[in-house]
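# Report on the structure
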Amino acid sequence: MMGRKVLEPTRIGDKILKKGGTVLVPSRQLHSNANVWGTNHPQFSETRFAKNPSLARHSSYRPFGGGVSLCPGRKLAREQVFTLVAILIHRFDVRLSHGKKQVFPQLNVSTPALGVTGPAKDMDVYVELNQAEKST
Ligand code: HEM
């Protein structure tokens, strides 16, 4: 969620924002717009962006904000995730742990969230990591 100070009286639609006020801008609504993301938007889809790469440039996709305060760390954040995944799958055989029935983590829809929604309680995913065999 972003916050902005109102510098001068500003009309948005039928509302007037008073000078000196603070506006909180939740991004959640954009990211759950069924017209853009489809009615299955609450479900994780590992192919959503692969199937439709233009979504990553859509005006309703704002994980890093936009305009003058667009997150300058967005590329570093992406590289960090890629690096972690690359190291994990290079060094280890990764499997879901056996012996415990595991469900795909569900969103916590009971706690109001204006930005990122976390997982529901007890949604830890248990995995087994075994050192990968070294390739010659
Ligand atoms: C997944 C990780 C990240 C997410 C989702 C994220 C998200 C955001 C968002 C939404 C904003 C805009 C806030 C606004 O307009 O009020 C922002 C701004 C900012 N982010 Fe990030 N960020 C991430 C990682 C990082 C990293 C790794 C760095 C630094 C190494 C960073 C540094 C900043 C800074 C300095 C700003 C303020 C930019 C400005 O106001 O000019 N962020 N971030």
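First things first, this report covers the structure right here in the doc.

Geometry sets the ideal angles at a metal, namely 109.5 degrees for four tetrahedral donors and 90 or 180 degrees for six octahedral donors. Within the protein, just one atom coordinates the iron atom of the ligand: Cys-71 (SG), at a distance of 2.2 Å. Mapped onto the elements of the fold, Cys-71 is located in the loop between helix 3 (48-51) and helix 4 (74-91).

For the structure on display, the rule yields two salt bridges. The partner of Glu-79 in a salt bridge is Arg-78, with the nearest N and O atoms 3.7 Å apart. With a relative accessible area of 45%, Arg-78 lands in the partly exposed category.

The next point concerns the site of the ligand. The environment of the ligand is formed by Met-2, Arg-4, Pro-63, Phe-64, Gly-65, Val-68, Ser-69, Cys-71, Pro-72, Gly-73, Leu-76 and Ala-77. Interatomic distance of 2.7 Å between a side-chain N/O atom of Arg-4 and an oxygen atom of the ligand. One nitrogen or oxygen atom from the side chain of Ser-69 is found 2.6 Å from an oxygen atom belonging to the ligand. For the shell around the ligand, the secondary structure elements donating two or more residues are strand 1 (2-5) and helix 4. Of the residues belonging to the shell around the ligand, the class tally is eight nonpolar, three polar and one charged.

A separate point is the packing of aromatic side chains. Summed over the entire model, instances satisfying the criterion amount to four aromatic pairs. Ring centres 5.4 Å apart and planes at 20° place the aromatic pair Phe-44 and Phe-104 in the stacked group. Of this pair, Phe-44 sits in the loop between helix 2 (34-37) and helix 3 while Phe-104 sits in the loop between strand 5 (92-96) and strand 6 (127-131), and the two are 60 residues apart along the sequence. As far as burial versus exposure is concerned, Phe-44 and Phe-104 are alike and both exposed. Put simply, the rings of Trp-37, Phe-49 and Tyr-61 pair up and form one aromatic cluster.

Rules and cut-offs
- Residues numbered from 1 in each chain as written.
- Predicted model: local features only at pLDDT ≥ 70, side-chain atom pairs only at ≥ 80, totals over all residues.
- Heavy atoms only, no water.
- Donors = N, O, S within 2.8 Å, 3.2 Å for Na, K, Ca; no water.
- Helix = DSSP H or I, 4+ residues; strand = E, 2+ residues; numbered from the N terminus.
- Salt bridge = Lys/Arg side-chain N within 4 Å of Asp/Glu carboxyl O.
- Buried < 20%, exposed > 50% of the residue type's maximum accessible area, 1.4 Å probe, protein only.
- Near = heavy atom within 4 Å.
- Polar contact = N/O pair within 3.5 Å; in protein donor to acceptor, adjacent residues only side chain to side chain.
- Nonpolar A, V, L, I, M, F, W, Y, C, P; charged D, E, K, R; others polar.
- Phe/Tyr/Trp six-rings, centres within 6.5 Å; stacked < 30°, edge-to-face > 60°.

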